[in-house]
Amino acid sequence: MLSYRTNLCFFIYYNSILSLGNTMYKLYTAPTPNGWKVAMALEELRAQYEVQLIDLQSGEQHSNWFLQINPNGRIPVLKTMEKDSTIIFDSNAILIYLAEKFGQLLPINEPDRTLVLQWLMFQASGIGPMQGQAVVFERYFPNDVPAARKRYHNETRRLYEVLDVRLSQSEWLARDFSIADIANWSWIRSHKWARVSTEGLESLERWMEQMRIRPACDRGLNIPPSPGKADKVKSFGSAMTTT
């Protein structure tokens, strides 16, 4: 089990004998929804990769060496382990890169490709920012701001309802399982931490269960594992969002 007190910069080698390519990747990450979504994709694609855990609590993401690979100072970052390496930052950009590299999880033909991309961007512009702020004001912000809590809670719930309508029409967000499902579920699975209910959203809950039982997604959610108990998660989140 990973320790959150020591050895935060060690490498975890996760080499799959079923890899679909010879390229080795390095994932700079931390236990957050954006980090887990890339780990889930790597697992689904049976990629060969190693992990370097970034200590967000100490501010390692703002260190000079990390800003060289992502000037925005955010995880995750993916790097190809080649002589002329490619570096990609932003979780959804990484998902698109991997899907295109492996020829999976993102269709080539239209309109299926655009259908995946629009639900992927729905997560990037909606679910991620709104649920992220819901969590901040529910769990991490030092002062109670009722108007902010209400605003982000209601908007997150509205976005869940949009997904529920879509999933009442389709098994997956697009025609087939894709990076759009991975990106959205990586966030929505922690809806209880944001104190946003999925009650009454039967199609959304059906889809969430479909995602939960996928072995590769389950593995990805433990790379790296969550800090664990609620007080540790709160401490971890507060260090990142309120300083």
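Analysis parameters
Throughout this document, residue positions are counted from 1 along each chain, in the order its sequence is written. Reporting of local features is limited, given that this is a predicted model, to residues whose pLDDT is at least 70; pairs of side-chain atoms are given and counted only at 80 or more, and all residues count toward the totals for whole chains, interfaces and linings. Heavy atoms throughout the structure, all of them, feed into the side-chain values; hydrogens and water do not. Counting from the N terminus, the helices are DSSP H or I runs at least four residues long and the strands are E runs at least two residues long. Relative accessibility thresholds used throughout: buried, under 20% of the residue-type maximum; exposed, over 50%; partly exposed, between the two (1.4 Å probe, protein chains only). We call two residues in contact whenever any of their non-hydrogen atoms come within 4.5 Å of each other. Stacked, tilted and edge-to-face are the three classes applied to pairs of Phe, Tyr and Trp rings, where Trp contributes its six-membered ring and a pair requires centres within 6.5 Å; stacked means planes under 30 degrees apart, edge-to-face means over 60, and tilted covers the rest. Within this document, salt bridges are pairs made up of a side-chain nitrogen of Lys or Arg and a carboxyl oxygen of Asp or Glu, the two lying within 4 Å of each other. Any two strands with at least two DSSP-identified bridges between them are counted as paired. Here the expected span of a helix is defined as 1.5 Å times the quantity of residues minus one. Each residue is assigned a bend, namely the angle between axes fitted to the seven residues that terminate at it and the seven residues that start at it. The criterion is simple. A nonpolar core is a set of buried Ala, Val, Leu, Ile, Met, Phe, Trp, Tyr and Cys residues joined through side-chain atoms within 4.5 Å. Under the rule applied, a polar contact is a pair of N or O atoms within 3.5 Å (in protein, one hydrogen donor and one hydrogen acceptor; residues adjacent in sequence only if both atoms are side-chain atoms).

(A) Region of the structure containing the overall build of the protein chain. A tally of helices and strands in the protein chain yields nine helices and five strands. In the protein chain, the succession of α and β elements from N to C terminus is β-β-α-β-α-β-β-α-α-α-α-α-α-α. A burial count over the protein chain gives 52% of its 243 residues as buried. Sequence-distant contacts in the protein chain: of pairs separated by 6 or more residues, those separated by 24 or more amount to 72%.

(B) Molecular detail of the packing of aromatic side chains. Scanning the model with the defined rule gives eight aromatic pairs in all. For the pair Y140 and W193, a centre-to-centre distance of 6.4 Å together with 55° between the ring planes defines the contact as tilted. Of this pair, Y140 sits in helix α4 (residues 112–140) while W193 sits in the loop between α6 (179–188) and α7 (202–212), and the two are 53 residues apart along the sequence. Note on accessibility: Y140 and W193 belong to one class, buried.

(C) Fine view of the pattern of salt bridges. All chains considered together, the criterion is met by ten salt bridges. One salt bridge connects E100 with R113, and the closest N-O pair in it is separated by 2.6 Å. Placement of E100 in helix α3 (residues 91–102) and of R113 in helix α4 is noted, with a sequence separation of 13 residues between them. Look at E100 and you get partly exposed, because its relative accessible area is 47%.

(D) Expanded view of the pairing of strand β4 (residues 77–80). Across four bridges, strand β2 (residues 24–29) lies against β4 in antiparallel orientation. Bridging from a neighbouring strand, K26 pairs with K79 of β4. With three bridges connecting them, β4 and strand β5 (residues 87–89) associate as antiparallel partners. The residue of β5 that forms the bridge with K79 is I87. Count of turn residues in the β4/β5 antiparallel hairpin: six residues.

(E) Geometry of α4. For α4, which comprises 29 residues, the first-to-last C-alpha distance of 39 Å matches the rise-based estimate of 42 Å (1.5 Å per residue) to within 8%. The sharpest bend along α4 measures roughly 35° and falls at Q123.

(F) Focus on the side chain of T29. Here T29 shows up in strand β2. With residues near it in sequence (within four places) discarded, T29 still touches G35, V51, Q52, L53, I54, I75, P76, I223 and P224.

(G) Fine view of the nonpolar core. Ranked by size, the top nonpolar core spans 62 residues in total, and within it L78, L98, I179, L204 and W207 carry the most contacts. Within the residue set of this core, elements represented by two or more residues are β2, α1 (33–44), β3 (48–53), α3, α4, α5 (146–167), α6 and α7. Here this core takes eleven residues from α4, the largest share from any one element. Of all hydrophobic cores here, the second largest spans eight residues; its members include L56, I69, I75 and V77.

(H) Looking closely at the environment of Q131. Topologically, Q131 is positioned in helix α4. Q131 gets classed as buried once you look at its relative accessible area, which sits at 1%. Sequence separation of Q131 and Y152 is 21 residues, and the distance between their C-alpha atoms is 6.9 Å. Setting aside its immediate chain neighbours within four residues, Q131 contacts G126, T156, Y160, W187, I188, S190, H191 and A194. Among the polar contacts listed, one links the side chain of Q131 to the backbone oxygen of W187, at a separation of 2.7 Å.

(I) Representation of the side chain of T80 in the model. Topologically, T80 is positioned in strand β4. Only 2.7 Å separates the side chain of T80 from the backbone nitrogen of T86, close enough to count as a polar contact. Once residues lying within four places of it in the same chain are set aside, the contact partners of T80 are T23, M24, Y25, S85, T86 and Y97.

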